[in-house]
Amino acid sequence: MNTRTKAFPRNMLNKYKLKPCRDNPMIHFLKTAGILLWLLMATQAFAAETCSYNTYTWNTQQKKAVQLQKVIHAYADITTDERDAITGCTVCIEDQVLITLPAIKPFYMCNVFASKVQNMLETFIRSGEQIEEVTGYRVGKTRGDTDIYGNRTQFSNHSYGIAIDINPKHNGLYDQCIEFTDDCRLIRGGPWQPGQDPKSMQINGQIVSTFKDHGYLWGGEIKGQQKDFMHFSITGY
Ligand SMILES: [Zn+2]
């Protein structure tokens, strides 16, 4: 008896060829949803654990930083003044993102705005703007009323990572300066010399215009006694 197996017809092979093993669509969905849920919970658990930051208070009588301290507490215990009501950004380092650009010391910005700010600065640098120094997140009570000891009582916009200073040595903070004239008094940073100094902000220059297009306010246009030419902020000065 001929025991040799008869060749299986080629068309039948094709017909019965195994397809890649696939889950039932419902199981596939549940698996994917499960992984996503796990990732979400892991991220939340990681992000929500603690809130930590280094801070100081500006004393207007001593004209210096006082009460330097490191604060750590549960993220769930963030107080009203530790969170900016408009942007949701907080004073916690856990909510800040490190921005690195070539030839500039890295700085932090609130995670809500970090990638946008990074893109803007990269564009400025590519188009030849001279950016040498940037400060974003820096926690300190430098705003608002003073208490009986002369201590400021409110966090600055920098404290939440929602303000940015560019080239402070060329874009100073001036006092007694309702209009910018030679009588304005430079109190921080270096002199603002638009047109003469390429690192000074120009009123209608690319940096000022782009930040304003993205909804930032420029410190050079503060109404009142101070002009802060290095400073841009989302929610005001
Ligand atoms: Zn500033």
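Refer to the structure printed above.
Thresholds applied
Residues numbered from 1 in each chain as written. Predicted model: local features only at pLDDT ≥ 70, side-chain atom pairs only at ≥ 80, totals over all residues. Helix = DSSP H or I, 4+ residues; strand = E, 2+ residues; numbered from the N terminus. Buried ≥ 20, exposed ≤ 12 C-beta atoms within 10 Å, placed from the backbone. Contact = placed C-beta atoms within 7 Å. Pairing = 2+ DSSP bridges. Expected span 1.5 Å × (residues − 1).

Draft legend 1. Broad picture of the overall build of the protein chain. Within the protein chain, the secondary structure is distributed over four helices and 13 strands. For the protein chain, the residues scored as buried account for 27% of the 237 residues in total. Expressed as a percentage of contacts within the protein chain between residues at least 6 apart in sequence, the contacts between residues at least 24 apart total 51%.

Draft legend 2. Region of the structure containing the sheet that holds strand S5 (residues 134-135). The strand order S5-S8-S13-S11 describes an open sheet built from four strands, whose pairing is antiparallel. Looking at the sheet topology across the chains shown, the edges are occupied by S5 and strand S11 (217-218). Pairing analysis gives two bridges linking S5 to strand S8 (residues 163-166), with the strands arranged antiparallel. Across the sheet, Thr 135 pairs through a bridge with Asp 165, a residue of S8.

Draft legend 3. Just helix H3 (residues 114-126), in detail. Here H3 contains 13 residues, and its C-alpha end-to-end distance of 18 Å stays within 8% of the 18 Å for a straight helix at 1.5 Å per residue. Its buried side turned inward, H3 meets strand S3 (96-101), strand S4 (104-110), S8 and helix H4 (206-213).

Bear in mind that shape data such as this cannot, by itself, settle questions of function.
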